[in-house]
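Chain by chain, the residues run as shown.
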Amino acid sequence: MNELGYVSDPPTQLGFLNAQMQRIQRVIIDIGMHVGKKFPAESPFAAGEQVTPHSAREFYGCYCGLPADQLDSEMVRYLSLPGQAICYKLGERVWLNGRENARKGMVMHSI
């Protein structure tokens, strides 16, 4: 919708950017919790600390603006569906790459 010009007024633009940022946060949370990673040492949030369900919820809440009950629901989702956020982002990249190649007239081969 952004590329088609439907994300033009400031509130809609902020919502669009917030949704994009949430998707990146979900990848960080998904990988961190399920693989046992730590927040980067240079992170402004919990630098060098283990990503736990509690710290992931706090991290997500600091940067996404969702209400507490929705944060809880999101955390249950990430704990119960390992890899979901990562698969979404990888799939998005494949679609965006395919569209870009189509615009350039390139032939796509099956994966």
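Each remark here, short or long, concerns the structure printed above.
Visitor: Would you mind going over the packing of aromatic side chains with me for this structure?
Guide: For any pair of aromatic rings, geometry is given as the distance between the ring centres together with the angle between the planes. Applying the stated criterion across every chain yields a total of 5 aromatic pairs. Between the aromatic rings of Phe39 and Phe59, the centroid separation amounts to 5.4 Å while the plane-to-plane angle is 55 degrees, which identifies the pairing as tilted. Of the two residues, Phe39 is situated in the loop between helix H1 (10–35) and helix H2 (53–64) and Phe59 in helix H2; the sequence distance between them amounts to 20 residues. Here the two residues Phe39 and Phe59 agree in accessibility, since each one is buried.

Visitor: When you look at the pattern of salt bridges in this model, what are you seeing that I'm missing?
Guide: Between side chains of opposite charge, a pair can form when the charged atoms approach closely. Under the criterion given, the structure shown has 5 salt bridges. With a closest N to O distance of 2.5 Å, Asp72 and Arg57 form a salt bridge. Of the two residues, Asp72 is situated in helix H3 (residues 68–80) and Arg57 in helix H2; the sequence distance between them amounts to 15 residues. For Asp72, a relative accessible area of 40% corresponds to the partly exposed category. Note that Glu74 and Arg77 form a salt bridge whose closest N and O atoms lie 3.5 Å from each other.

Visitor: Would you take a moment to explain the side chain of Glu74 for this structure?
Guide: By secondary structure assignment, the location of Glu74 is in helix H3. In this structure Glu74 comes out as buried when scored by relative accessible area, which is 8%. Apart from the residues lying within four places of it in its own chain, the contact partners of Glu74 are Arg26, Tyr60 and Leu66.

Visitor: Would you mind showing me how to read helix H4 (residues 84–103) here?
Guide: Since there are 3.6 residues in each turn of an α-helix, residues three or four apart along the chain are aligned in direction. Taking 1.5 Å of rise per residue, the 20 residues of H4 would be expected to cover 28 Å, and the 29 Å separating its terminal C-alpha atoms lies within 8% of that figure. Within the sequence span of H4, burial applies to Ala85, Lys89, Glu92, Gly98 and Asn101. Where H4 is buried, its residues contact H1. Remark: Gly105 follows H4 within two positions and exhibits a positive phi of approximately 80 degrees.

Analysis parameters
- Residues numbered from 1 in each chain as written.
- Predicted model: local features only at pLDDT ≥ 70, side-chain atom pairs only at ≥ 80, totals over all residues.
- Heavy atoms only, no water.
- Phe/Tyr/Trp six-rings, centres within 6.5 Å; stacked < 30°, edge-to-face > 60°.
- Helix = DSSP H or I, 4+ residues; strand = E, 2+ residues; numbered from the N terminus.
- Buried < 20%, exposed > 50% of the residue type's maximum accessible area, 1.4 Å probe, protein only.
- Salt bridge = Lys/Arg side-chain N within 4 Å of Asp/Glu carboxyl O.
- Contact = heavy atoms within 4.5 Å.
- Expected span 1.5 Å × (residues − 1).

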